[in-house]
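Residues per chain, in single letters:
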Amino acid sequence: MSDQIQFIVEKLNQEPFRKNYNLITFDSLESVQLLQLLNDVLGEIDPKHAVDIREELPEQTGKRMLSLLGILKYKPPGSISDLSAFRQGLVTGSKSVIHPVLHWLLQRTNELKKRAYLARFLVKLEVPAEFLQDDTVADINKQYEELMEAFKNLHKECEQLKTSGLSTAEIKRDISAMEEEKDQLVKRVERLKKRVETVQNHQRMLEIARQLRLEKEREESLAQQKQEQKNQLFHAEQRLQRAQLQLKEMHHAVMDSKPESLMKKLEEEINFNSYLVTEKIPRELESKKNSAYFLQKVVSEPAMSQSDLSAIEIKINEVNAQINQLIEKRMMKYEPVDSKFSMYRQQASIIARKKEAKAEELQAAREELSSTERQMLHKTSQAHELEGSEVLRGEELKHYVNKLRSKNTFYKKKRLEIAEITAEYGILQRTEELLKQRHEAIQQQLQAIEDKKGISGYSYTQEELERVSAVKSEMDEMKGRTLDDMSEMVKKLNALVAEKKASLAPVIKELRQLRQMCQELTQERDEKKIQYDSCAAGLESNRSTLEQEVKGLLEECVQEESNYRYINCMKRNLEIQLERAKEEMKTYVSPDPQKRRKAIREQYTRMILEQENLGKKLREKQKVVRESHGPNMKQMKMWQDFEQLMECKRECFLKQQNQTAIGQVIQEGGKDRLVL
């Protein structure tokens, strides 16, 4: 433990904390200061937590710290009971809880910073299934998941680049090599400029080449815009297909059914939804609230030992036994009355359970149907992306399979031809190697013969002269063709520019139409969004007002119910007291002396007489005690003096015995001896 505290103090005294603690000052920190110190360390790991804990409630602080520790995957030691103690200790700032957390955080600060940074982007936001049924929400959720996967890939690539081990020396060498290549390119460009300056109309040719380059860049940008427009059109077609599919299903439902069946179906749906809203969901919500209340109560209580748990179990068993006894008594008391309705009650409970089970099955089937429809739409869109057309069915699929089989046989034939060509290529490559070896051997023999004759280097010089003459003739031909090639190239460039302009004209026209359509759709979307926002704001305000009204009515209902129960209890007490008073009057007025003796008034009268007699006896006894107090005190004083006198005599007797035993002289046979 001391090593742990020493490590914490050393880390806190370093950058970036610089707390200047020692072991004594760190150990003397209060709970609030320890919590603020833990919050500072968490704020260094995640800047969102760099706050002052005095400005927020302790429950909020504990919840925030627990959420961050859960993201950082901190595992507190112990079992489930220790986990509740850990939460309580974290809220109260206990040293036994804060010190291990600080030690764990300060050991791996850099790793935890990285984990907290990644948690901002990789902690998935769970969307309820009923919201995912909306197409817009589903598309946004899909884009969110795709962006999360892209972030994962980019982060992995970044980490790989950081750990790839590229040194600064290699980068400098690459930069120097690129600079040398740049110098060479600049020199080459200058040489080409000098060569072009001798040509007529070179400025016009350069301008035409520049225009060609700009047109190519524009063509690429237009192609990219066209691809984007195609993607947008594809997504719009997908949405249209989904809408058409839903419309087709609605048409089929309308065509195959009558108004009576539609009304019956709507009534069934309304009954089912009303059952969910009025019975099932409120009951589940109430059970969830009760469980959350009990769990919150368990969390707020201190940790219990095994003895406390056993005592609580004993109390629970006793209460259950009492409940069973009361139920048995109630059944015995009311069984003759309720015997007629017990069977109907059992049947009603069975039907209610069956109804609840069928409602759950229906809800699960609806969720499964919606998920299946989403999967079908997703598979259809994937098929459209892969094939670019509708999914094949029937005869078209058979024709497509036959076409694939013919292509497969053609592929196998071509593969055999490639294998034969590869084998022949290996043979030719080996032949080339053998011929090169023979050529080298012949060259060596020729060089040896030239050395013998005294004309070494003759063959090499002859080859060089032939090569130079061939190069010279090629350069002459090239110079002769230069002007013709340049003029022909200009004509080709002009023709190519005109052709590109002609080919791009319909594309540009189509692009203008698509842009206009995009602007109209964007304007319509903005209008719909404004309408949606206004409608959502109105509904939200209505919902909030209704919630407040419902909350006030529920509180008023609870208050009135408590008043009603209190008034009922008071009424029952008053009725019981009134019945007792009536019975007392009957017994008091009754002519029977035995019944009158049982009256409460007679009983209290007898008790009053008994107490009066007892009081008289006690007063007489008190009078006798007061009269004999003086003589009794004198007698007690005499007895004390007598006791003191007898004690003094006893002490004197004991002293006399001790003195005679110490100095006794014994005479035996004419001799005197002193015995001590």
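Residues numbered from 1 in each chain as written. Predicted model: local features only at pLDDT ≥ 70, side-chain atom pairs only at ≥ 80, totals over all residues. Heavy atoms only, no water.

**Side note on the overall build of the protein**
Thought 1: Secondary structure assignment for the protein yields 19 helices and 2 strands.
Thought 2: Expressed as a percentage of its 676 residues, the buried residues of the protein come to 12%.
Thought 3: When contacts within the protein are restricted to residue pairs at least 6 apart in sequence, long-range pairs at least 24 apart make up 58% of them.
Thought 4: When the accessible surface of the protein is totalled, it reaches about 57,300 Å², and 57% of it is carbon and sulfur. (Helix = DSSP H or I, 4+ residues; strand = E, 2+ residues; numbered from the N terminus. Buried < 20%, exposed > 50% of the residue type's maximum accessible area, 1.4 Å probe, protein only. Contact = heavy atoms within 4.5 Å. Areas by Shrake-Rupley, 256 points an atom, 1.4 Å probe, with all protein chains shown as cover.)

**As for the pattern of salt bridges**
Thought 1: According to the stated counting rule, one finds 16 salt bridges in the structure shown.
Thought 2: Across the pair Lys-529 and Asp-533 runs a salt bridge whose closest N-O atoms are separated by 3.3 Å. Taken together, the residues Lys-529 and Asp-533, both in helix α16 (residues 458-589) and 4 residues apart, mark about one turn of the helix.
Thought 3: Judged by its relative accessible area of 36%, Asp-533 falls in the partly exposed class. (Salt bridge = Lys/Arg side-chain N within 4 Å of Asp/Glu carboxyl O.)

**Concerning the packing of aromatic side chains**
Thought 1: Applying the stated criterion across every chain yields a total of 3 aromatic pairs.
Thought 2: When the centroid spacing of 5.9 Å and the interplanar angle of 85 degrees are considered together, the rings of Trp-639 and Phe-642 count as edge-to-face. In this pair, Trp-639 and Phe-642 both sit in helix α19 (residues 629-662), 3 residues apart, roughly one turn of the helix. (Phe/Tyr/Trp six-rings, centres within 6.5 Å; stacked < 30°, edge-to-face > 60°.)

**Remarks on the nonpolar core**
Thought 1: With 31 residues, the main nonpolar core has Leu-12, Phe-26, Leu-38, Leu-69, Leu-72, Leu-102 and Leu-105 as its most contacted residues.
Thought 2: Breaking this core down by element, the ones donating at least two residues are α1 (2-13), α3 (31-45), α4 (58-71), α5 (80-92), α6 (95-107) and α7 (109-122).
Thought 3: Among all residues touching Leu-72, those that are not within four sequence positions of it are Ile-45, Trp-104, Leu-105, Leu-112, Arg-115 and Ala-116.
Thought 4: Ile-208, Leu-212, Val-490 and Leu-493 belong to the second-largest nonpolar core, a separate cluster that totals 6 residues. (Core = buried A, V, L, I, M, F, W, Y, C linked by side-chain atoms within 4.5 Å.)

**Remarks on a nonpolar patch on the surface**
Thought 1: Together, Leu-397, Tyr-400, Val-401 and Leu-404 make up an exposed nonpolar region whose accessible area comes to about 310 Å².
Thought 2: Along the polypeptide, Leu-404 turns up in helix α15 (residues 395-453).
Thought 3: The class of Leu-404 is partly exposed, set by a relative accessible area of 42%. (Patch = residues over 30% accessible without salt bridge, like charges linked within 9 Å, V, L, I, M, F, W, Y side chains within 5 Å.)

**Brief notes about the packing of α7 against helix α9 (residues 135-162)**
Thought 1: Where α7 meets α9, the axes come as close as 10 Å, and the angle between the chain directions of the two elements is 155 degrees. By the angle between their axes, α7 is roughly antiparallel relative to α9. On α9, the residues touching Lys-114, Tyr-117, Leu-118, Phe-121 and Leu-122 of α7 are Met-148, Phe-151, Lys-152, His-155 and Glu-159.
Thought 2: Its residues assigned to classes, the contact of α7 with α9 comprises 6 nonpolar, 1 polar and 3 charged. (Axes fitted to C-alpha atoms, helices over the stretch in contact; angles between N-to-C directions. Parallel < 35°, antiparallel > 145°, perpendicular 65-115°, else oblique. Nonpolar A, V, L, I, M, F, W, Y, C, P; charged D, E, K, R; others polar.)

**Digging into the environment of Arg-515**
Thought 1: One can find Arg-515 in helix α16.
Thought 2: A C-alpha to C-alpha distance of 8.7 Å links Arg-515 and Gln-229, two positions 286 residues apart in sequence.

**Notes on α4**
Thought 1: Taking 1.5 Å per residue as the helical rise, α4 with its 14 residues ought to reach 20 Å, and the 20 Å between its terminal C-alpha atoms agrees with that figure.
Thought 2: Listed as buried for α4 are Thr-61, Gly-62, Arg-64, Met-65, Leu-68 and Leu-69. The buried residues of α4 occupy an angular sector of 165 degrees when projected down its axis, which confines them to one face. Seen from the open side of α4, the exposed residues pointing more than 90 degrees away from its buried face are Glu-59, Lys-63 and Gly-70. (Expected span 1.5 Å × (residues − 1). Arc of directions from axis to C-beta.)

**Side note on the confidence of the model for the protein**
Thought 1: Of the residues in the protein, 85% have a pLDDT of 70 or more, and the chain-wide mean is 79.
Thought 2: Mean pLDDT across the secondary structure elements of the protein bottoms out at strand β2 (residues 671-675), with 48, and peaks at helix α18 (residues 600-627), with 87. (pLDDT = per-residue confidence, 0-100.)

**Focus on the state of the cysteines**
Thought 1: For the coordinates displayed, the defined rule picks out 0 disulfides.
Thought 2: Here Cys-648 stays free of any disulfide, with the sulfur of Cys-652 as its closest cysteine sulfur at 4.4 Å.
Thought 3: Judged by relative accessible area, which is 42%, Cys-648 ranks as partly exposed. (Disulfide = S-S within 2.5 Å.)

**Describing a positive patch on the surface**
Thought 1: Taken together, the side chains of Arg-218, Lys-501, Arg-512 and Arg-515 make up a positively charged region of the molecular surface.
Thought 2: When residues of the positive patch are assigned to their parent elements, the largest contribution, 3 residues, is made by α16.
Thought 3: With respect to the helices and strands, Arg-218 occurs in helix α11 (residues 202-255). (Lys, Arg positive; Asp, Glu negative; His and termini not counted. Charge placed at Lys NZ, Arg CZ, Asp CG, Glu CD.)

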